Structure formats: structure tokens, C-alpha cells
2 protein chains.
Amino acid sequence: MGLENAPFSAAEYARRLAKTRAAMEKAGIDVLFVTDPSNQAWLTGYDGWSFYVHQGVILPMEGDPVWWGRNQDANGALRTVWMDDDKVIGYDDRYIQSTTCHPMEDLAKRLGDMGLERARVGVELENYYFSAKAYLALVAELPNARLVDATALVNWQRLVKSPEEIAFMRNAAKISERIVRLGIELARPGLRKNELVAEISRAGILGVDEAWGDYPAIVPLTPSGVDATAPHLTWNGEPMKAGEATFFELSGCYRRYHAPLCRTVHLGKPPQDMIDAAEALNAGLEAGLEAARAGNRTRDVANALGAELEKIGIKRAGRCGYPIGLSYPPDWGERTASFRATDETVLEPGMTFHFMPGLWLKDWGLETTESILITESGPAEPFCSVERQLFVKD
Amino acid sequence: MGLENAPFSAAEYARRLAKTRAAMEKAGIDVLFVTDPSNQAWLTGYDGWSFYVHQGVILPMEGDPVWWGRNQDANGALRTVWMDDDKVIGYDDRYIQSTTCHPMEDLAKRLGDMGLERARVGVELENYYFSAKAYLALVAELPNARLVDATALVNWQRLVKSPEEIAFMRNAAKISERIVRLGIELARPGLRKNELVAEISRAGILGVDEAWGDYPAIVPLTPSGVDATAPHLTWNGEPMKAGEATFFELSGCYRRYHAPLCRTVHLGKPPQDMIDAAEALNAGLEAGLEAARAGNRTRDVANALGAELEKIGIKRAGRCGYPIGLSYPPDWGERTASFRATDETVLEPGMTFHFMPGLWLKDWGLETTESILITESGPAEPFCSVERQLFVKD
């Protein structure tokens with residue numbers, strides 16, 4: 001397709017390749033086989049719903065990356081990657097979900113053709129799209145190569161966002177604001193949950209002004225009442241009820257970039273313990289934003305939040321944030337640093353996180369969260385500006 | 001939650017467990033660790049968007065299955081599985097996307113507690129949600145166990161659908177019909193593609209009558225013109241144009257069950273080669289439906305289609321169908337049998353497939369497909385009844 005139609009500038013892709021290759025050199029890797037769809041897109045621009053079959057980007061230390069995948073999806077690569085057409089290679093359809101052969105047989109042959117049959121090959125061992133079978137097949141097909149764990153090697157390079165990426169996230173944030181406000185506005189007793197989600201999905205894809213809406217990496221999560229004690233239940237056709245809280249865990253998506261945002265609405269007067277928790281959560285978010293400064297560490301954010309929650313006796317067990325940006329299903333997190341007491345990542349300007357201190361208690365759930373940008377100086381900047389409160393509708 | 005609220009009857013779950021255990025016995029497996037979300041749901045009813053972290057169902061040869069996952073998602077299991085609460089176990093959040101420990105350490109301990117540290121443990125080596133790292137960690141943590149490849153062992157048990165499952169698929173099919181018709185109806189030059197997809201998504205989630213819409217395992221695929229030469233590109237904010245064909249590859253989803261349906265619309269008069277291809281495709285579909293009879297084989301369907309396409313010189317390389325039913329992202333196929341010339345699966349009543357002979361040619365793409373049910377006698381029955389033709393809008 002060529003660089004002129006790619007989502008990002010030539011300089012941006014050059015920066016990404018250089019950063020990744022420096023990390024490869026440090027890890028002693030000759031060639032990287034990148035299976036994470038987010039990493040593929042970040043390096044090459046490849047964009048398609050084809051990650052349910054084996055595919056990836058081959059990144060040697062020199063020259064342009066090569067996109068490798070199913071023959072019919074190579075057509076999609078020709079339409080989306082910035083490299084020349086000869087950097088796209090397809091494999092035969094007989095390998096697809098076959099019980100007698102495996103696509104890694106083709107990949108091994110291609111690496112051999114590139115003179116890499118004895119290379120130190122980096123593979124993403126912890127990734128949805130590089131199966132255990134793929135690993136075992138590649139080991140068997142490349143007896144003289146050395147497979148090296150390169151899990152999250154590219155993901156770590158994505159941690160600090162460029163101005164071009166931050167502009168995409170601001171577009172996503174505009175959409176997040178709109179759909180969270182829409183959910184709060186529409187919520188009422190008797191409305192079937194799927195009807196609510198239908199309007200949220202429509203608005204998210206319509207987008208805001210020129211920012212058209214892409215599909216988010218996680219579907220809208222909108223559980224009510226006791227279902228909201230679990231963070232990841234999806235919707236059904238049941239009506240919303242008075243006396244229940246519903247949280248909206250939503251993200252707008254602009255060209256695969258995300259800015260998740262959560263708010264909670266209670267239909268009718270909330271119980272006092274929920275009101276107290278919402279206030280403590282707000283104080284925790286405020287303290288966390290203050291702590292989320294360049295030079296501080298991820299753990300400082302988690303500890304600042306935890307101190308406020310403990311004042312009212314809530315001991316929150318889980319992590320409370322993760323990096324965000326470019327992503328594909330099933331997760332909009334980047335799977336590197338975490339906001340938690342044991343994580344020591346130093347914060348830098350341009351890092352972006354979903355600061356996500358959801359509370360899933362015995363009888364109800366409450367989510368008030370912010371997608372944030374670490375700035376040059378001062379506290380973190382939230383991407384969205386929806387009032388930080390428990391919304392109540394009488 | 002108990003069987004009274006589960007999607008299926010007690011007899012249905014008992015049937016599923018018995019079938020799976022017979023297959024385990026045949027494969028010499030003492031305990032199965034099921035990571036495929038579709039297989040987890042099929043066995044236990046578990047339903048949530050939590051498959052982006054490690055979780056699974058432990059199925060020993062006796063007693064009820066055990067759902068194992070992240071602590072916070074155990075709350076979701078308590079709300080969705082049919083087993084008693086003591087069959088749900090959670091692991092600590094410190095394992096989540098950690099660089100220093102792995103959830104499989106916890107799983108190995110649990111299997112040990114169940115007296116299975118020397119068992120033959122079946123694992124799904126070829127699955128999105130059992131990573132290479134998970135496999136290596138489990139091998140290291142269970143030095144006295146024997147890990148056996150149980151890829152698709154459960155999937156194969158899902159091939160023949162029960163009447164209860166077919167009823168769910170008929171609901172999904174009603175939604176598929178509605179959204180494909182809506183896409184054709186709305187398509188016009190100047191309409192931004194994301195606006196079209198927004199309406200399709202809304203209608204799919206609204207559903208039809210009492211059949212509320214769940215999220216499909218693949219987002220709407222609606223490429224136009226040259227983008228339709230690739231099967232899996234998603235939408236953007238560009239306007240539709242006169243002189244271009246757009247295919248709709250869509251599925252309604254009812255409680256995780258699918259019935260995909262594809263049709264193509266051309267804005268303006270189509271080129272003659274597209275008209276000819278559409279006619280040959282229809283003849284091929286007709287011939288394939290005739291061949292898709294109980295007692296015939298999957299390859300017979302592929303060959304019947306291929307013969308009709310070859311009459312006009314189209315040699316189609318890929319497979320042309322796959323089993324469908326219960327599914328989670330990233331694929332609505334079941335990943336077992338395929339309609340292709342080398343596949344010899346014998347067709348049985350109750351099997352359901354997406355008969356999917358998409359054409360992705362040099363300058364355009366064309367999809368006319370059917371979700372079908374293999375019947376007791378006679379040709380396969382399509383689930384949907386949208387006119388089988390290339391739609392043309394002037």
C-alpha cells in the first residue's frame with residue numbers, strides 16, 4: 001500500500017524499528033517472529049481480523065520487516081502494510097486448521113530461505129496468537145535454530161507514546177466520553193440491557209466528528225446489581241432494575257487506539273456503603289493522579305490509591321492499572337508494567353495507562369476510572385473529562 | 001448459580017460430559033484442562049470476557065468439572081456455571097500478566113491437591129488461550145505428570161448439535177437475516193462505512209423479538225471494491241462508492257451461538273465477470289447443499305462446489321466451510337472438520353456448518369454463503385432464507 005496511506009509517518013515507523021532492534025540486540029536475538037496483532041500493526045500497519053489463523057511479522061536486524069500469513073490474508077496485508085509488495089508472503093490454505101500439517105512448517109522454510117535456519121529466533125511465548133503447538137512445531141522444524149523467549153519485547157517498546165499516537169488516543173477518548181455519557185443518560189428501570197448496549201455500540205462506531213469509531217478490543221461491559229460483583233460478565237436481555245448499580249466499562253477506539261473509561265450509575269438512592277466507597281475511590285484516584293508523575297514509579301500510584309481506600313477499610317487485592325494504546329481483542333491492555341505495589345517501572349512522559357481501581361465487592365460493583373497520560377511535569381492528565389462521581393438517577 | 005438458570009438442561013450437560021469422558025478414555029487421558037472458552041462454556045455454562053487471562057475447566061473422569069481462574073473472575077463463574085460453588089476456584093491477582101510468576105504454578109498446585117500430580121493431563125496445545133509459555137510452565141511445575149495433546153478433543157464432541165442447540169442457532173439465524181437485509185438496504189454511495197456498521201451492530205444486539213443479540217465472535221466484515229479482494233479487512237470511515245461491490249460477512253449471535261450469513265451488494269451495474277461468478281457460485285451452493293447429506297463426506301461438498309466454479313474457469317484454492325455453533329472471539333468456527341477435497345469427515349444429522357465459498361479475486365470480492373444443518377435425509381437445510389443472489393442497487 002505504501003507509506004503514503006499508512007496510519008503513521010515514515011519517521012514514526014523508523015523510530016519503532018530502531019527501538020525494537022536495539023532491544024533485540026540487547027536480548028541476543030537475530031530475528032524476531034512477532035505474533036501479537038498489536039505488535040504487528042505497530043511495526044508494519046497490518047490491520048485485519050485474521051489473527052485467528054497463524055500469521056506474523058518477521059523482523060531481521062536489517063531491511064524492512066516481512067509480513068507472513070495465510071494466502072487470502074496476504075491480500076489484506078498488501079492493502080494495509082507500509083512495506084513494498086515483495087515484503088508480503090502467503091502460505092497455502094491446506095495448512096489452515098489442519099489435523100495433518102501446521103503453518104509453522106511453512107514459516108520454518110521461509111526462515112531457511114532467508115538464511116536464518118541457525119539463527120537465534122525471538123518468539124512471543126506468552127501470547128494468544130502463538131500457541132503451544134506452534135512453538136513445538138517450530139522447534140521441530142528448525143532443529144539448528146535457537147528459539148528465545150521474546151514475550152512482550154515489542155510491547156515494552158510501545159510504552160512511551162509518540163505525539164502521533166497520543167493524537168489518536170485523544171480521538172478515542174472523545175468517543176469514550178460520548179458513550180459513557182450516553183449509557184448514563186439512557187439507563188432506566190425496565191430498559192433491557194441489550195437495548196442499552198445496542199445504542200452504546202452504535203454510538204461508539206459512529207464516533208465523534210471526523211474520528212470514526214473502530215471496534216474496541218473488549219466489548220462493552222455493563223453489569224448490574226450482583227452481576228457487577230464480577231468484572232467481566234457481558235450483557236443479556238434482562239431489564240435494568242431500580243435499586244441496582246450498573247457500571248460502564250467502555251472504550252472508544254480510533255484506528256485501533258483506545259482510551260477506556262468507566263463510570264457507575266445507580267438507579268434510585270444508593271446504599272450508604274456504596275456512597276462511602278465512591279468517595280474513597282475518588283480520593284484514591286486524586287491521590288493516584290498526583291503520584292503518577294514522571295520519575296515516580298508504578299507502585300507509587302498503587303500505594304497512593306490503596307492508602308485512601310484503606311481509610312474506610314477496603315483492602316483491594318488486584319492491580320489497579322495497566323498501559324494502553326494500540327490493541328486487538330481479547331485485551332486492550334499492553335501486558336507490560338502494572339500499577340501494583342510490587343511493580344517498579346519508572347514513569348516517563350508519554351506513557352499512557354488505564355488507571356483502573358474497580359471495586360467488586362460482595363453485593364455490588366463500582367467502577368470509576370481514568371485513562372491517563374504521564375506529562376513532563378506535574379500530575380498525570382486524564383484523557384477524558386466526565387465528572388468523577390457515582391451517578392444517581394431517581 | 002445452579003442448573004435452574006443455566007442455558008441448557010441437566011440432561012444436555014450430562015450428555016456433554018459423558019461424550020467428552022468417552023473421548024478422554026479413548027485418548028488415555030486422566031484429566032482434561034480445557035482452555036478454549038467455547039469448550040468451557042459448552043461443558044459448564046461459564047460465560048464472561050475474561051479469556052484474556054489464564055483460566056480453564058478441570059475435568060476429571062469422575063465428579064463435576066471444576067472452573068479455575070482469576071479470583072475476580074471466579075465471581076463471574078459463580079454467576080454463570082451450573083456446578084455448586086465449591087467447584088469454582090480462584091487464583092491470586094499477583095499472577096496476572098506478571099513478569100516473575102505464572103498462573104500455571106497455581107494450577108499445578110491445584111491438580112496436586114486433587115491427587116493428579118502423576119496424571120496424564122490433556123491440554124489443548126493448539127488454542128488461542130493456552131500459550132506456549134503456559135505449556136512450558138505447566139511441564140516444569142508437574143514433573144511427574146504426562147501432558148498429552150488434547151487439541152480439539154472437546155471441539156469434536158460439539159460437532160453434532162442437540163435440538164436445544166439448534167433452537168439457539170435458529171434464533172441466531174433470525175438475527176443474521178435481519179442484519180444482512182439491513183446492510184443491503186442501507187448501502188448507498190456516500191454512506192461512510194462506519195455509519196453502515198454502526199447500524200448493523202445496533203440491530204444485531206437489539207436482536208429479533210425475544211432473541212436478544214449477543215456479541216458475535218467476529219466483528220462485521222463489510223469491505224468494498226479492491227478491499228474486498230481480502231476476506232478479513234474491517235471497516236473505516238471512507239464513503240461507499242458507485243461501481244463497487246461490498247460483501248457483508250455477518251452473524252447474529254444468540255447466547256454465544258452463531259449462524260453466519262454473507263451476501264454481496266453492488267452499487268450500480270456490476271461487471272459481467274462478477275455476474276457470471278455470482279451465477280456459478282449459486283450453482284455451486286445448490287450442488288453443495290445437495291451433496292451435504294448424512295452419509296456423504298465433507299469433501300463431497302467441496303467437490304460439488306468446485307465442479308460448478310471450474311465450469312467458468314475459477315479454481316478456488318481455500319476450504320469452503322467449517323462447523324459452527326457456540327463460539328467466542330477470535331473465530332466463530334469450531335476448528336475440526338473442513339469442507340475441502342482432502343477432508344473425509346462423514347456427515348451426520350445435526351451437524352451444522354458455515355458453507356462459505358467466498359471469492360476473493362484480483363479486483364473484487366464476492367460472498368454468498370449459507371449456514372446449514374445436516375438433516376436425517378435429503379439435502380442440507382439452510383438456517384436463513386435471504387435470496388441467494390448478487391444484490392444490485394442502481
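Only a predicted model underlies this, so the values are computations on that prediction, with no experimental measurement involved.

Rules used throughout
As a convention, each chain's residues are numbered from 1 in the sequence order in which they are written. Chains carry letters and ligands carry numbers; both start at the beginning, A for chains and 1 for ligands, and go up in the order they are written. Owing to the predicted nature of the model, reporting of local features is limited to residues with pLDDT of at least 70; listing and counting of side-chain atom pairs is limited to 80 or more, with chain, interface and lining totals taken over all residues. The basis for every side-chain value is the complete set of non-hydrogen atoms in the structure, without hydrogens or water. In DSSP terms, a helix is any run of H or I states spanning at least four residues, a strand is any run of E spanning at least two, and both are numbered starting from the N terminus. The reference for a compact globule is 2.2 Å times residues^0.38; the radius of gyration itself is calculated from the C-alpha atoms. When a residue's accessible area, from a 1.4 Å probe over protein chains only, is under 20% of the maximum for its type it is buried; when over 50% it is exposed; and in between it is partly exposed. Note on contacts: a residue pair is in contact if any heavy atoms of the two residues lie within 4.5 Å. Computed with a 1.4 Å probe, the accessible areas rest on the Shrake-Rupley method; for each residue, only the protein chains presented here act as cover. Here the positive residues are Lys and Arg and the negative ones are Asp and Glu; neither His nor the chain ends is included. One atom stands in for each charge, and that atom is NZ of Lys, CZ of Arg, CG of Asp or CD of Glu. We define a salt bridge as a side-chain nitrogen of Lys or Arg found within 4 Å of a carboxyl oxygen belonging to Asp or Glu. If DSSP finds at least two bridges between two strands, the strands pair. Lines fitted to C-alpha atoms define the axes here, with helix axes fitted over just the stretch in contact, and angles between the N-to-C directions of these axes take values from 0 to 180 degrees. Between N or O atoms, a polar contact is any pair within 3.5 Å; within protein, one atom must be a potential hydrogen donor and the other a potential acceptor, and residues adjacent in sequence are included only when both atoms are from side chains. UniProt positions are given in the numbering used here, feature names are shortened, and annotations may be inferred rather than shown by experiment. Accessible surface is computed with a 1.4 Å probe, and the buried area is the amount of it that two parts give up when combined, taken over both parts together. Cysteine sulfur pairs qualify as disulfides if the two atoms are within 2.5 Å.

From N to C terminus, chain A includes ten helices and 17 strands. In summary, chain A has a C-alpha radius of gyration of 22 Å against a globular reference of 21 Å for 394 residues, a match within 12%. Taken over the C-alpha atoms alone, chain A extends approximately 70 × 45 × 40 Å along its principal axes. Put simply, chain A has 394 residues, and 65% of those count as buried. Long-range pairs, those at least 24 residues apart, make up 70% of the contacts in chain A between residues at least 6 apart in sequence. Put simply, chain A shows about 13,500 Å² of open surface, and 49% of that area lies on carbon and sulfur atoms. The averaged location of the 55 negative side-chain charges in chain A is 2 Å from the averaged location of its 42 positive side-chain charges.

Taken as a whole and judged by the stated rule, the model has 50 salt bridges over all chains. Across the pair R15 of chain A and E165 of chain A runs a salt bridge whose closest N-O atoms are separated by 3.6 Å. Taken together, the residues R15 of chain A in helix α1 (residues 10-27) and E165 of chain A in helix α7 (residues 163-186) connect sequence positions 150 residues apart. Of the residues examined, R15 of chain A reaches a relative accessible area of 27% and is grouped as partly exposed. Since its relative accessible area comes to 1%, E165 of chain A is described here as buried. Taking the shortest distance from any N to any O, the salt bridge between E12 of chain B and R16 of chain B comes out at 2.8 Å. Within this pair, E12 of chain B and its partner R16 of chain B are both found in helix α1 (residues 10-27), separated by four residues, close to a single helical turn.

Moving on to the sheet that holds strand β17 (residues 390-393) of chain B. Residue and element names in this part refer to chain B. Read from one edge of the open sheet, three strands run β7-β10-β17, paired in mixed fashion. Both outer strands of the open sheet, β7 (245-250) and β17, are each paired with one neighbouring strand and no more. Across the sheet, the mean angle from the axis of one strand to that of its neighbour is 25°, orientation sign disregarded. In this structure, strand β10 (residues 261-267) lies alongside β17, joined through four bridges in parallel fashion. Bridged to T264 within β17 is L390. Helix α7 (residues 163-186) contacts β7, β10 and β17 of the sheet and is inclined by roughly 10° relative to β10.

Residue and element names in this part refer to chain A. Relative to the elements of secondary structure, T369 occurs in the loop between β14 (365-366) and β15 (370-373). The class of T369 is buried, set by a relative accessible area of 0%. Along the backbone, T369 and A134 are 235 residues apart, and their C-alpha atoms lie at a distance of 37 Å. In contact with T369, other than residues within four places in its own chain, are L261, C262, R263, L285, H354, F355, M356 and P357. Among the polar contacts made by the side chain of T369, one reaches the main-chain amide nitrogen of C262 at a distance of 3.0 Å. There is a polar contact of 2.8 Å between the side chain of T369 and the side chain of H354.

This brings us to the UniProt feature "domain: Peptidase M24" (unreviewed entry) in chain A. Taking the numbering used here, the UniProt-annotated feature "domain: Peptidase M24" (unreviewed entry) corresponds to residues 168-376 of chain A. Overall, residues 168-376 of chain A shows 32% helix and 15% strand. The separation of its end C-alpha atoms is 19 Å.

In this section: unusual backbone geometry. All names here are of chain A. A cis geometry characterises the amide bond from P329 onward to P330, with omega recorded as 10°. Looking at where P330 falls in the secondary structure, it is placed in the loop between β11 (321-323) and β12 (352-355). The phi dihedral of Q97 falls on the positive side, at around 45°, and the residue is not glycine. Looking at the secondary structure, you find Q97 in the loop between β4 (88-91) and α4 (103-113). Note on Q97: relative accessible area 18%, which makes it buried. Notably, R255 is not glycine yet its phi reads approximately 45°, a positive angle. One can find R255 in the loop between β8 (253-254) and β9 (257-258). Judged by its relative accessible area of 31%, R255 falls in the partly exposed class.

Time to look at the interface of chain B and chain A. Each partner contributes residues to the interface: chain B has 75 residues there, and chain A has 74 residues. For the pair chain B and chain A, the two sides together bury roughly 6,300 Å², of which 56% comes from carbon and sulfur. The interface formed by chain B and chain A includes six salt bridges. R202 of chain B is paired through a salt bridge with E199 of chain A; the nearest N and O atoms lie 2.8 Å apart. Linking chain B to chain A there are 44 residue pairs in polar contact (both at pLDDT 80 or more). Among the elements of the structure, α3 (71-80), α5 (132-141) and α8 (193-206) of chain B are those that each provide at least two residues to the side of chain B that touches chain A. No other element matches α8 of chain B, which puts nine residues into the side of chain B that touches chain A.

Okay, the state of the cysteines next. As used here, a disulfide is simply a covalent bond connecting the sulfur atoms of two cysteines. Residue and element names in this part refer to chain A. In the structure shown here, the tally under the stated rule is zero disulfides over all chains. Free of any disulfide, C384 has its nearest neighbouring cysteine sulfur in C262, separated by 10 Å. By relative accessible area, which is 6% here, C384 ends up buried.

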